[in-house]
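Analysis of the macromolecular model
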Amino acid sequence: MTSKHLRAIAIASAICASPAAFSADTGNAALASHRWIHGAEDCSADQDPAIETYRFDADTYVLRQNKCVNYEAPFVFVLFGADTVLVLDTGATRKAERFPLYATVQGLVEERRSGQATSPTQVLVLHTHSHGDHKAADAQFRGKPDVTLIKPNASGLKRFLSSLNASGGLLDLGGRQLQILRTPGHQAESIVLYDSRTKWLLTGDTIYPGIISVLDWDDYQSSVEALVEFASTHEVSAVIGSHIEMSDTPGVPYERGTTYQPREASLVLPAEVLKQVSAGLAETHGKRREVVTDAVVIRSIPLPARMLIRFLKAVGAG
Ligand SMILES: [Zn+2]
């Protein structure tokens, strides 16, 4: 860690709210302190389920993939409205035998159906962006009845966003609306969702407690500034991303690829993290391509890798 990093942490800490920011909201406080299944020292002996299901409230579930199934251990969000259930991302593993995501979602739908006279009939699958660890189980949903799967690519996202024009750009699940914000930087197709019910900003890989790789630094900085602006005019109860890679020591992530995180940080970040990240990015003056704060580490993807990613995308292989 360099002195520049320490300075960034100091600035960030001054802006960052304490964990007590959640004290007024018991739901977010409980989620923030939840100890997730976090992999195993010996994954060959791991007995934990492939998916952990956390019930936030009767209409809101947070699912996490087991690190022993895939080290990325992404989170998947299942949000119920009166008409539609939204599945945000589909995880890092394709095969249902190893990662039964469709069956898990169906189980939640059936459970709800058995307990309520009305239940949503439609399933909408959307992605925070199109990296492989957020769309791998799409195949489990493809062709299933009452499922609409938004293609995880630029044209699929564009078509989907156009379809929302009639409803003022809002995704309406039936009594539960979500605003979709385009936030390129980590990836061109990155989006952030604002849930009117929980007041969560679901930030995917744009902001999460871990090492955030950035493909386009300028776009990323603009996106974070836009999120700060959004949060200044909307109540944001929590910022919730798609992975945990930080340890519970501020500013210190686990090594990439680890399958065991016994002391991982909270999934839930306070809204103030947006200002913290924005200040850290501004501090770089566009020169240094790394920001380290208590809550997140942001790194530019090295130029050769950026060029390769862009080339693969241009030829349709990325
Ligand atoms: Zn990603």
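Just so it is clear, the structure is predicted and the values come from calculations on it, not from any experiment.

This part takes up the overall build of the protein. The helix and strand tally for the protein stands at eight helices and 15 strands. Taking 20 Å as the expected radius of gyration for a compact globule of 318 residues, we find that the protein reaches 19 Å, a close match to that expectation. Overall size of the protein, expressed as C-alpha extent along the three principal axes, is 60 × 45 × 45 Å. Across the 318 residues in the protein, those meeting the buried criterion constitute 52%.

Let us now look at the coordination of the zinc ion. Protein ligation of the zinc ion involves His-129 (NE2), His-131 (ND1), His-186 (NE2) and Asp-205 (OD), the donor distances falling in the range 2.1 to 2.3 Å. Sequence spacing of the donor residues for the zinc ion, all on one chain, is H-x1-H-x54-H-x18-D. Residue His-129 is located in the loop between β5 (122-126) and α4 (138-141), and its partner Asp-205 is located in the loop between β10 (200-204) and β11 (211-214); the two are separated by 76 residues in the primary sequence. Owing to a relative accessible area of 2%, His-129 belongs among the buried residues under this scheme.

Restricting attention to buried positions, one finds in helix α2 (residues 26-33) the residues Asn-28, Leu-31 and Ala-32. Down the axis of α2, the buried side of the element spans an arc of 100°, and every buried residue falls inside it. Facing away from the buried side of α2 by over 90 degrees, the exposed positions are Thr-26 and Ser-33. Elements in contact with the buried residues of α2: β1 (51-57), β10, β12 (238-241) and β13 (268-269).

Moving on, we come to the side chain of Thr-258. Structurally, Thr-258 is set in the loop between β12 and β13. Given the relative accessible area of 18%, Thr-258 is considered buried. Contact partners of Thr-258, with chain neighbours within four places excluded, come to Lys-67 and Tyr-71.

Turning next to the packing of aromatic side chains. Within the structure shown, the criterion is met by six aromatic pairs. Where Trp-36 meets Phe-75, the ring centres are 4.9 Å apart and the plane angle is 75°; that geometry is what we call edge-to-face. Of this pair, Trp-36 sits in the loop between α2 and β1 while Phe-75 sits in strand β3 (residues 75-80); the two residues are 39 residues apart in sequence, bridging distant segments of the chain. Given the relative accessible area of 3%, Trp-36 is considered buried.

We now examine the pairing of β3. Of all six residues that make up β3, six are buried, and the element is covered over most of its length. Where strand β2 (residues 60-65) meets β3, five bridges bridge the pair, whose relative direction is antiparallel. Pairing of Tyr-61 across the sheet is with Val-78, part of β3. Pairing between β3 and strand β4 (residues 84-88): four bridges, direction antiparallel. Residue pairing in the sheet places Phe-80 in a bridge with Val-85 of β4. Connecting the antiparallel pair β3 and β4 is a turn made up of three residues.

Right, let's talk about the sheet that holds strand β15 (residues 297-300) for a bit. With mixed pairing, the three strands of this open sheet are ordered in space as β11-β15-β14. Every interior strand has two partners, whereas the edge strands, β11 and β14 (290-292), have only one. Going from strand to strand, the sheet's axes swing by 15° on average, the running direction of each strand aside. Inspection of the sheet shows β11 paired to β15 by four bridges, in the parallel sense. Bridge pairing links Ile-212 to Ile-298 in β15. On the sheet, helix α6 (residues 217-233) packs against β11, β14 and β15 and is oriented at approximately 145° with respect to β15.

Let us look at the nonpolar core. Core analysis: the biggest nonpolar cluster contains 31 residues, and Leu-126 and Leu-171 have the highest contact counts within it. For Leu-126, the residues in contact, after removing those within four places along its chain, are Leu-86, Val-87, Leu-88, Asp-89, Ile-150, Phe-160, Leu-171, Ile-180, Ile-191 and Leu-193.

Turning to the environment of His-234, a few remarks are in order. With respect to the element layout, His-234 can be found in the loop between α6 and β12. For the pair His-234 and Asp-219, spaced 15 residues apart in sequence, the C-alpha separation works out to 22 Å. Within the local environment of His-234, its side chain forms a polar contact with the backbone oxygen of Phe-230, the two atoms lying 2.9 Å apart.

This next bit is on the side chain of Thr-284. Relative to the helices and strands, Thr-284 is located in helix α7 (residues 273-284). Exposure remark for Thr-284: the relative accessible area of 3% places this residue in the buried category. At a separation of 2.6 Å, a polar atom in the side chain of Thr-284 contacts the main-chain carbonyl oxygen of Leu-281. When sequence neighbours within four positions are dropped, the list of residues in contact with Thr-284 reads Trp-217, Glu-290 and Val-291.

Rules behind the numbers
Position labels on residues start from 1 in each chain and follow its written sequence. For a predicted model such as this one, the threshold for reporting local features is a pLDDT of at least 70, and the threshold for listing and counting side-chain atom pairs is 80 or more; totals across whole chains, interfaces and linings nevertheless cover every residue. Water and hydrogen atoms were dropped before computing side-chain values, which therefore reflect all heavy atoms in the structure. The helix and strand labels rest on DSSP assignments: H or I over at least four residues marks a helix, E over at least two residues marks a strand, and numbering proceeds from the N terminus. With the radius of gyration taken over C-alpha atoms, the globule rule is written as 2.2 Å times the number of residues to the power 0.38. Only protein chains enter the accessibility calculation, which uses a 1.4 Å probe. A residue is then buried if its area is under 20% of the maximum for its type, exposed if over 50%, and partly exposed in between. Each metal's donors are the N, O and S atoms within 2.8 Å of it, or within 3.2 Å when it is Na, K or Ca, and because water is not part of the set, sites may look incomplete. Here the arc refers to the directions that run from the helix axis out to each C-beta atom. Here, two residues are considered to be in contact whenever any of their heavy atoms come within 4.5 Å of each other. The pairing test for Phe, Tyr and Trp rings, Trp by its six-membered ring, is centres within 6.5 Å, and the orientation test on the planes gives stacked under 30 degrees, edge-to-face over 60, and tilted for anything in between. Should DSSP find at least two bridges between two strands, the strands are regarded as paired. Note on definitions: angles span 0 to 180 degrees between N-to-C directions of axes, and those axes are lines fitted to C-alpha atoms, for helices only across the stretch in contact. The definition of a nonpolar core used throughout is a set of buried Ala, Val, Leu, Ile, Met, Phe, Trp, Tyr and Cys residues joined through side-chain atoms within 4.5 Å. Pairs of N or O atoms are called polar contacts if they sit within 3.5 Å, as long as, within protein, a hydrogen donor faces a hydrogen acceptor (for residues adjacent in sequence, only side-chain-to-side-chain pairs).

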